[in-house]
Amino acid sequence: MSATRWVALTAVSVAGWFALDAVGLTAPSLFAALVVAVVFALTGLGPRAVPRAGSMAAQGTLAVTIGLMVDVETLSTLGDNWFPAVAIGIATLVVSAGCGALLALNKDVTAATGMLALIAGGATGLVATARELGGDERVVAVVQYLRVALVVVTMPLVVTFVFHADTHSVAAAAPDENALPWWVGLLFLLGAVLVGIAVGRLARLPAPATLGPLMVSGACALLGWPVGIEVPMIVLPLAFLVIGWQAGLAFTMSSLRLIGRLFPYAFALVLGIGVICALLGWALSAWTGTSLLTGYLATTPGGLAAVLAVSASTGSDVTFVACVQLIRLVSMLVAAPLIAQLLMRRAARRPAEDPVSV
């Protein structure tokens, strides 16, 4: 019976994946898996949960993919602008965490859930690790994807009507002649995930399935070894599929009602983060001398693939945008588990403190 449910869930999710891909939606496998899993969970047709091994494999795959984006050549292009880029990244983290604290003022939302839901970066990674970090992954999933959707929808409009940029001159990317065969990338991925998780557990890192592989793959990328390594293109969408299932299968009717009550507040906070990040983009432009459009794209709170695509098509400084976005993404993924762990410890101490004050 369980196998039949998994087959049905997979078939419908894949169908939704191709349908959403056909209309050009960003991360179609993730959104399709999330929506389909929610329906299956609410109707009782789906499996109970994603096995822990599958969840950790998906988290590790995402982490390795992000880690391989880090390279010395890209980071070196920042030059003297590295400090403004880091400062703006920290400011984005502070703004996100502050808005998360505001969301947590609602009695139905814990501090960890509020923070994870509104951290501006690494939506899939944060959803994947929300449960083990003490957050409600259902709320985190909906609010994070609301943020990504808002960014992806508004960014082309802002670029077109505010900056009046031409977005019809996309240059085709040249193939990487040094890329290794796909099976080498797959073996590297497997090794980085296994070693990373082991290192993460030994170091007692929060979310070891994410931070461990991220550290291992990032270190390899910075050392330039192995040269030309790439994760096979099909693997990441499959990881997104598992992450979408993980969040979607946890839904219940009561959680759906909770999210419905939170939606207006979450939407307002997400919109606020977007406006503040746009102001940070203006500050970055003034600080570094880049164009206002480059500053805006570099500080957009999410939708990395869409941001880079728009940047390339408008003649912006793609390398600068990529560097600032990468700093934000990695810093958010590293900081979020640490902050969540502190919040969990603080919440755990409160029951012991309450009787004393009575």
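Note: the structure precedes this text.
Below: a short report on this structure. (Residues numbered from 1 in each chain as written. Predicted model: local features only at pLDDT ≥ 70, side-chain atom pairs only at ≥ 80, totals over all residues. Heavy atoms only, no water.)

**Quick look at the overall build of the protein chain**
Check the secondary structure of the protein chain and you find 15 helices and 0 strands. In the protein chain, which comprises 358 residues, the share counted as buried stands at 48%. In the protein chain, the share of contacts with a sequence separation of at least 24, taken over all contacts with a separation of at least 6, comes to 77%. When the accessible area of the protein chain is evaluated, it comes to approximately 17100 Å², of which 71% is carbon and sulfur surface. (Helix = DSSP H or I, 4+ residues; strand = E, 2+ residues; numbered from the N terminus. Buried < 20%, exposed > 50% of the residue type's maximum accessible area, 1.4 Å probe, protein only. Contact = heavy atoms within 4.5 Å. Areas by Shrake-Rupley, 256 points an atom, 1.4 Å probe, with all protein chains shown as cover.)

**Quick notes on helix H10 (residues 208–223)**
Over its 16 residues, H10 extends 22 Å from the first C-alpha to the last, a length consistent with the 22 Å expected when each residue adds 1.5 Å. Among the 16 residues in H10, 12 count as buried, and that is most of the element. What H10 keeps buried is the set Pro208, Ala209, Thr210, Leu211, Gly212, Pro213, Leu214, Val216, Ser217, Gly218, Cys220 and Ala221. At the C-terminal side of H10, Gly224 shows a positive phi close to 75 degrees. (Expected span 1.5 Å × (residues − 1).)

**Details of the packing of helix H12 (residues 253–288) against helix H13 (residues 292–299)**
Between H12 and H13, whose axes approach to 7 Å, the crossing angle comes to 130 degrees. By the angle class used here, H12 and H13 are oblique. Here H12 runs over H13; the crossing is right-handed. From H12, Cys277, Ala278, Leu280, Gly281, Trp282, Leu284 and Ser285 reach across to H13, where they touch Leu292, Gly295, Tyr296, Ala298 and Thr299. By residue class, the composition of the contact of H12 with H13 is 8 nonpolar, 4 polar and no charged. (Axes fitted to C-alpha atoms, helices over the stretch in contact; angles between N-to-C directions. Parallel < 35°, antiparallel > 145°, perpendicular 65-115°, else oblique. Left-handed = near helix turned anticlockwise from the far one by under 90°. Nonpolar A, V, L, I, M, F, W, Y, C, P; charged D, E, K, R; others polar.)

**A few points about the environment of Leu284**
Note that Leu284 resides in helix H12. Owing to a relative accessible area of 0%, Leu284 belongs among the buried residues under this scheme. As for Leu284 and Gly295, which are separated by 11 residues in sequence, their C-alpha atoms are 5.7 Å apart.

**Some points on the pattern of salt bridges**
Applying the stated criterion across every chain, the model contains 3 salt bridges. For Asp108, the salt bridge goes to Lys107, with nearest N and O atoms at 3.6 Å. Here Arg138 makes a salt bridge to Asp136, at a shortest N to O gap of 2.9 Å. Three or more residues are tied together by salt bridges with common partners; here these are Lys107, Asp108 and Arg261. (Salt bridge = Lys/Arg side-chain N within 4 Å of Asp/Glu carboxyl O.)

**A word on the environment of Leu9**
Summarising the element assignment, Leu9 is placed in helix H1 (residues 2–22). A residue is classified by how much of its surface remains accessible, and Leu9, at 0% relative accessible area, is buried. Taking the C-alpha atoms as reference points, Leu9 and Phe40, 31 residues apart in sequence, are found 7.4 Å from one another. Once residues lying within four places of it in the same chain are set aside, the contact partners of Leu9 are Val36, Ala37, Phe40, Pro47, Trp245 and Leu249.

**Some remarks on the packing of aromatic side chains**
On inspection of all chains with the given rule, the structure shows 6 aromatic pairs. Seen in terms of ring centroids, Trp17 and Phe18 are 5.6 Å apart; in terms of plane orientation they differ by 10 degrees. Their pairing is stacked. The class of Trp17 is buried, set by a relative accessible area of 12%. Residue classification places Phe18 among the exposed residues on the basis of a relative accessible area of 52%. Geometrically, the ring pair formed by Phe83 and Trp287 is edge-to-face, given 5.9 Å between the ring centres and 80 degrees between the ring planes. Remark: Trp287 occurs in helix H12 and Phe83 occurs in helix H5 (residues 82–103); sequence separation between them is 204 residues. Three or more aromatic residues link up through ring pairs in this structure, and these residues are Trp82, Phe83 and Trp287. (Phe/Tyr/Trp six-rings, centres within 6.5 Å; stacked < 30°, edge-to-face > 60°.)

**Quick word on the nonpolar core**
Counting residues in hydrophobic clusters, the biggest one holds 67 residues, and the most contacted among them are Leu116, Leu118, Tyr145 and Trp245. Top element by residues in this core is helix H2 (residues 28–43). It accounts for 9 residues. With residues up to four places along the chain from it excluded, the contact list for Trp245 reads Trp6, Leu9, Thr10, Ser13, Ala33, Ala37 and Val50. If you look at the next biggest cluster of nonpolar residues, it comprises 18 residues, including Val159, Ala165, Leu284 and Tyr296. (Core = buried A, V, L, I, M, F, W, Y, C linked by side-chain atoms within 4.5 Å.)

**Observations regarding a nonpolar patch on the surface**
The grouping of Phe263, Phe267, Leu271, Val275 and Leu279 at the surface amounts to a nonpolar patch, some 450 Å² of accessible area in total. Along the chain, the position of Phe267 falls in helix H12. With a relative accessible area of 32%, Phe267 lands in the partly exposed category. (Patch = residues over 30% accessible without salt bridge, like charges linked within 9 Å, V, L, I, M, F, W, Y side chains within 5 Å.)

**Looking at the packing of helix H3 (residues 52–67) against H10**
As a packed pair, H3 and H10 sit with axes 7 Å apart at the nearest point and diverge in direction by 30 degrees. Comparing the axis directions of H3 and H10 gives the class roughly parallel. The way H3 lies across H10 gives a crossing that is right-handed. Residues Met56, Gln59, Gly60, Ala63, Val64, Ile66 and Gly67 of H3 lie in contact with H10, whose contacting residues are Ala209, Thr210, Pro213, Leu214, Ser217, Gly218 and Ala221. Grouping the constituent residues of the contact of H3 with H10 by class yields 8 nonpolar, 6 polar and no charged.

**As for H3**
Its 16 residues place the ends of H3 22 Å apart at the C-alpha level, agreeing with the 22 Å of an ideal helix rising 1.5 Å per residue. Burial of H3 is extensive: 12 of the 16 residues sit out of reach of the surface. Within the span of H3, buried status applies to Ser55, Met56, Ala58, Gln59, Gly60, Thr61, Leu62, Ala63, Val64, Thr65, Ile66 and Gly67.

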